[in-house]
Amino acid sequence: MLVRGLWGSTHPGPTLVVTVLALALGVAAGVDAGRLALLGVAVFAGQVSVGISNDAIDAARDRAVGRADKPIATGEVSERAAWTAAFIALGLALALSVPLGAGMLAAHAVALASAWAYNAGLKATPFSLVPFVVSFGLFPSFATLSAPGGTLAPVWVSIAGAALGAAVHLTNVLPDLDDDARTGIRGLPHRLGARVSTVLAALGILVGATAVLVGPVIAGVAPVVPVVAWAFFAAVAVVAVAAVVLALTRSPHRVLFRLTMLAALLLAVQLVATG
């Protein structure tokens, strides 16, 4: 029961998606199998620490709004057990980053510190977007820094990562705006409202998709934009524009969240396939 409860507190969906994305970026960067395995487990452990610490910090607020889907809030997992697991996962994430190089260790440490800072209080401020931009902006570099002779990811890839992070934050909180308002959470999306947040998220995704599309050509890495890159860009653009149109013409609805997250997922695939 404890293990099941802890797993439910990690935000399993996002944790697995981020881990798979890290592995995909690692494959694209040419990271060998052994280092790729370390990268995957390190990122997974880091995400576990972020997810559990978030729910441990929010336990009282989750109880106040009756979140039956939160094991720590319901008492299935004690706060002491949750914090123990979160710190163990954090230590494991950093320890596994050491063999991947000083650059990867530093980047992972900064990204995790940023995510924990969001959990610890930045989520309730106008600066709630900053940790997502920082952490997701660094995220593509986890793969390139884990490769032998590791370097930071190209600028256009980091821009796309930051845009993806901004979109995730601006849309991820939309279904919980009412519950958050009842418990005093007023991050940037809460202050902007669902409609404006959706539009900004979609526009950010378009910026990221454009960076991935033209970045290699501008940097002289590729002579022309390949057809596959145009195809991915078109798919991202269609979904993002549809989200903007709906946001401007209809009252805020959960479909906006789903459309914007679909556009974000397409951007992630574009980043792996063509970045």
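Use the structure listed above.
Residues numbered from 1 in each chain as written. Predicted model: local features only at pLDDT ≥ 70, side-chain atom pairs only at ≥ 80, totals over all residues. Heavy atoms only, no water.

## Re the overall build of the protein
Reasoning step 1: Across its full length, the protein holds 14 helices and 0 strands.
Reasoning step 2: Each helix and strand of the protein, ordered N terminal to C terminal, gives the series α-α-α-α-α-α-α-α-α-α-α-α-α-α.
Reasoning step 3: Taken over C-alpha atoms, the radius of gyration comes to 19 Å for the protein, in line with the 19 Å a tight globule of 275 residues would show.
Reasoning step 4: Principal-axis analysis of the C-alpha atoms gives the protein an extent of 55 × 50 × 30 Å.
Reasoning step 5: The proportion of buried residues among the 275 residues of the protein is 49%.
Reasoning step 6: Carbon and sulfur atoms form 72% of the exposed surface of the protein, whose accessible area is close to 12,100 Å².
Reasoning step 7: Mean positive and mean negative side-chain charge positions of the protein (15 and 11 charges, respectively) differ by 4 Å. (Helix = DSSP H or I, 4+ residues; strand = E, 2+ residues; numbered from the N terminus. Rg over C-alpha atoms; globule rule 2.2 N^0.38 Å. Buried < 20%, exposed > 50% of the residue type's maximum accessible area, 1.4 Å probe, protein only. Areas by Shrake-Rupley, 256 points an atom, 1.4 Å probe, with all protein chains shown as cover. Lys, Arg positive; Asp, Glu negative; His and termini not counted. Charge placed at Lys NZ, Arg CZ, Asp CG, Glu CD.)

## What about the packing of helix 3 (residues 33-57) against helix 8 (residues 130-146)?
Reasoning step 1: Where helix 3 meets helix 8, the closest approach of the two axes is 10 Å, and the angle between their N-to-C directions is 150 degrees. Taken together, the axes of helix 3 and helix 8 lie roughly antiparallel to each other. Seen along the crossing, helix 3 lies across helix 8 with a hand that is right-handed. Between helix 3 and helix 8, the residues in contact are Arg35, Leu39 and Val43 and Phe139, Phe142, Ala143 and Ser146, respectively.
Reasoning step 2: Along the lines of polarity and charge, the residues of the contact of helix 3 with helix 8 split into 5 nonpolar, 1 polar and 1 charged. (Axes fitted to C-alpha atoms, helices over the stretch in contact; angles between N-to-C directions. Parallel < 35°, antiparallel > 145°, perpendicular 65-115°, else oblique. Left-handed = near helix turned anticlockwise from the far one by under 90°. Contact = heavy atoms within 4.5 Å. Nonpolar A, V, L, I, M, F, W, Y, C, P; charged D, E, K, R; others polar.)

## Brief notes about the environment of Pro140
Reasoning step 1: As for its position among the elements, Pro140 is in helix 8.
Reasoning step 2: Here the alpha-carbon distance between Pro140 and Thr10, two residues 130 residues apart in the chain, equals 22 Å.
Reasoning step 3: Residues within four places of Pro140 in sequence aside, it is in contact with Leu25, Ala153, Val157, Gly161 and Leu271.

## Considerations on helix 8
Reasoning step 1: Over its 17 residues, helix 8 runs 25 Å from end to end, which matches the ideal 24 Å to within 8%, given 1.5 Å per residue.
Reasoning step 2: Of all the bends in helix 8, the greatest measures close to 30 degrees and is centred on Pro140.
Reasoning step 3: Across the 17 residues of helix 8, 13 count as buried, placing the element largely inside the fold. (Expected span 1.5 Å × (residues − 1). Bend = angle between axes of the 7 residues up to and from the residue.)

## A look at the nonpolar core
Reasoning step 1: With 52 residues, the main nonpolar core has Leu39, Val43, Phe139, Phe142, Leu164 and Ile205 as its most contacted residues.
Reasoning step 2: Within the residue set of this core, elements represented by two or more residues are helix 2 (12-28), helix 3, helix 7 (102-120), helix 8, helix 9 (155-172), helix 12 (194-218), helix 13 (227-249) and helix 14 (254-274).
Reasoning step 3: Among the elements that make up this core, the one with the highest residue count is helix 13 (9 residues).
Reasoning step 4: Every residue in contact with Ile205, bar those within four places of it in the chain, is listed here: Ala167, Val236, Thr260, Ala263, Ala264 and Leu267.
Reasoning step 5: Residues Val48, Ile52, Ala89 and Leu112 belong to the second largest nonpolar core, which totals 18 residues. (Core = buried A, V, L, I, M, F, W, Y, C linked by side-chain atoms within 4.5 Å.)

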